[in-house]
Amino acid sequence: MIEGVRIKRLIKHCDDRGFFAELVRDDEQLLEHFGQASVSMSYPGVIKAFHFHEKQDDLWYFPVGNAQVVLYDLREDSPTKNQTAVYYMGEENPIMLLIPKGVAHGYRVLGEKPATIIYFTTYSYDRNNPDEERIPWDDPSIGFDWTTKNR
């Protein structure tokens, strides 16, 4: 586990109409400040990685599809600096994942259908001064192998 990363397990309230679940509440202290909520869809097999932020935290949820989420701790003062963590999120594991600023993150869509991510950030996106730094998905300093292993 990477220092500062938090998981919230979602509680689904099901009945004959479907289900209801709370994603994030202001009294849970998951985000130090709410900035923006966004949604994105990616096709099967797509890898969207890596990027990180200097100022904002991200809170991720995959309501549709499944994804392999990879985190890499870049923070100089972190006890988990240079460590990698992998989380499997989506329909099969409905969790919220808090990604602290300074932790590089990305994901690969698993399975044969698209995945949708809903994410919350502590600050709104600023087109003139984006808080987003990119690292290639196959960067050798991270050295993550994105291939599925047959076991």
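Above this text you will find the structure in question.
First things first, this report covers the structure right here in the doc.

Within strand β6 (residues 58–64), 5 of the 7 residues are buried, leaving the element largely enclosed by the surrounding structure. Judged from the 5 bridges that link them, β6 and strand β11 (residues 115–121) form a sheet pairing that is antiparallel. Residue pairing across strands places Val-64 opposite Thr-116, the latter belonging to β11.

Turning next to the nonpolar core. Judged by nonpolar contacts, the single largest core of 18 residues is most densely connected at Phe-62, Val-69 and Leu-71. Elements with a contribution of two residues or more to this core: β6, β7 (66–73), β8 (84–90), β9 (95–99), β10 (103–110) and β11. Ala-49, Phe-50, Phe-52 and Phe-144 belong to the second largest nonpolar core, which has 10 residues in total.

This part takes up the sheet that holds β6. Note: strands within a sheet are paired through backbone hydrogen bonds, in either parallel or antiparallel orientation. If you trace the 5 strands from one edge of the open sheet to the other, you get β1-β9-β6-β11-β4, paired in antiparallel fashion. Looking at which strands have only one partner, the edges of the open sheet turn out to be β1 (6–9) and β4 (36–42). For this sheet, the mean inter-axis angle between neighbouring strands, taken without regard to orientation, is 20°.

This next bit is on the pairing of strand β5 (residues 47–52). Two strands pair when backbone bridges link them, and β5 and β10 are joined in this way by 3 bridges, in the antiparallel orientation. Counterpart to Ile-47 in the pairing with β10 is Arg-108. One ladder, built from 2 bridges, connects β5 with strand β12 (residues 133–134); its direction is antiparallel. Residue pairing in the sheet places Phe-52 in a bridge with Glu-133 of β12.

Calculation criteria
- Residue positions within a chain follow its written sequence, with the count starting from 1.
- Note on the predicted model: pLDDT of at least 70 is required for a residue's local features to be given, and 80 or more for side-chain atom pairs to be given and counted; whole-chain, interface and lining totals, by contrast, use all residues.
- With hydrogens and water set aside, each side-chain value is computed from the structure's full complement of heavy atoms.
- Relative accessibility decides the category of a residue: with a 1.4 Å probe and only protein chains considered, values under 20% of the type maximum give buried, values over 50% give exposed, and everything between is partly exposed.
- Here a strand is any run of E in DSSP of at least two residues, a helix any run of H or I of at least four, and the numbering for each starts at the N terminus.
- Strands qualify as paired when DSSP identifies two bridges or more between them.
- In these notes, a set of buried Ala, Val, Leu, Ile, Met, Phe, Trp, Tyr and Cys residues joined through side-chain atoms within 4.5 Å is what counts as a nonpolar core.
- Comment: axis = line fitted to C-alpha atoms, over the contacting stretch for helices; angle = value between 0 and 180 degrees taken between N-to-C directions.

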